[in-house]
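Inside the fold
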Amino acid sequence: MRVFILVLVMCVSFINMLWSYEPPKKLLNINLTRLVKGNEAIEEIHRLHGTRFPLVDGFVAEYSFKDKLIIMWGSKSKNEYEAKRLFEEMHRKMPHSKVFMGLKKVKIADIDAYYVSGMDMDNYYFLLKDTNYWVAVKNNDAVKVMEQIIKGIKK
């Protein structure tokens, strides 16, 4: 039993080491003001969606200055198949949302993403490998924010 637990802990640690993306300390000269990672972020993401779904890691990064706000969520699945399944489920529900409007596909920094307006913010969501991302931007150049984020993720 002890060997099984040790192997499980080592596997989880290894999976978390594979995710090298760290949200930047600044986005368009706006400082990172809040960063939640790991289980705490996963719980926050679950609360936001009002349901639980399998994730191996996550983060919530907030950037704010005066009336400008950027929030970025990252939800890492155990593999690309699971991440795509979650992405497709969320995307399928989006046209029926009462909160998010104006769904359209956009290409930013060679990545296909989706744009919606809602919660008084410009919102983008996209999938890269085994991770789903959602970026909400208020009172800032959302396309420039997205370009900086995507270039950072692709490094």
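Residues numbered from 1 in each chain as written. Predicted model: local features only at pLDDT ≥ 70, side-chain atom pairs only at ≥ 80, totals over all residues. Heavy atoms only, no water.

**Examining the nonpolar core**
Counting 26 residues, the largest nonpolar core has Tyr63, Ile70, Phe126, Val135, Met146 and Ile149 as its most contacted members. Going through the elements one at a time, β2 (30–37), β3 (57–65), β4 (68–76), β5 (101–108), β6 (111–118), β7 (121–128), β8 (131–138) and α4 (142–154) are the ones with two or more residues in this core. Broken down by element, the residue count for this core peaks at six residues, all from α4. When sequence neighbours within four positions are dropped, the list of residues in contact with Ile70 reads Leu27, Ile30, Ala61, Glu62, Tyr63, Val135, Ala136, Val137, Asn140 and Val145. (Core = buried A, V, L, I, M, F, W, Y, C linked by side-chain atoms within 4.5 Å. Buried < 20%, exposed > 50% of the residue type's maximum accessible area, 1.4 Å probe, protein only. Helix = DSSP H or I, 4+ residues; strand = E, 2+ residues; numbered from the N terminus. Contact = heavy atoms within 4.5 Å.)

**Side note on the confidence of the model for the protein**
Overall, the predicted model of the protein reaches an average pLDDT of 89, with 87% of residues at or above 70. Note that residues 3–19 has pLDDT below 50 and, in this model, eleven contacts with residues that lie over four places away or in other chains. (pLDDT = per-residue confidence, 0-100.)

**Here's the deal with the sheet that holds β8**
One open sheet accounts for eight strands, arranged β1-β2-β3-β4-β8-β7-β6-β5; its pairing is antiparallel. Taken across any chain shown, the strands that pair with only one partner, and hence form the sheet edges, are β1 (26–27) and β5. The sheet strands contacting helix α2 (residues 38–49) are β2, β3 and β4, and the helix crosses β3 at an angle near 80°. Packed on one face of the sheet, helix α3 (residues 80–93) meets β5, β6, β7 and β8 and runs near 150° to β7. (Pairing = 2+ DSSP bridges. Axes fitted to C-alpha atoms, helices over the stretch in contact; angles between N-to-C directions.)

**Overview of α3**
In a regular helix each residue adds 1.5 Å, so 14 residues correspond to 20 Å; α3 covers 20 Å between its end C-alpha atoms and thus fits that length. Looking at α3, one finds that the buried residues are Glu82, Ala83, Leu86 and Phe87. Here the buried residues of α3 occupy an arc of 135° about the axis, which is enough to place them on one side. Exposed residues lying more than 90 degrees from the buried face of α3 are Glu80, Tyr81 and Arg92. In this structure, the buried side of α3 is in contact with β6, β7 and β8. (Expected span 1.5 Å × (residues − 1). Arc of directions from axis to C-beta.)

**Concerning the pattern of salt bridges**
Enumeration over the complete set of coordinates arrives at twelve salt bridges. Of the charged contacts, one joins Glu89 and Arg85 as a salt bridge, the two residues approaching to 3.7 Å between their closest N and O atoms. Remark: Arg85 and Glu89 occur in helix α3; sequence separation between them is four residues, near one turn of the helix. Assessed through its relative accessible area of 30%, Glu89 is described here as partly exposed. By relative accessible area, Arg85 is classed as partly exposed at 32%. Measuring nitrogen to oxygen at the nearest pair gives 3.3 Å for the salt bridge that ties Lys138 to Asp120. Here Lys138, found in strand β8, pairs with Asp120, found in the loop between β6 and β7; they are 18 residues apart in sequence, far enough to count as distant. With relative accessibility at 60%, the residue Asp120 sits in the exposed group. Via salt bridges that share partners, Glu82, Arg85, Glu89 and Lys93 belong to a single interconnected network. (Salt bridge = Lys/Arg side-chain N within 4 Å of Asp/Glu carboxyl O.)

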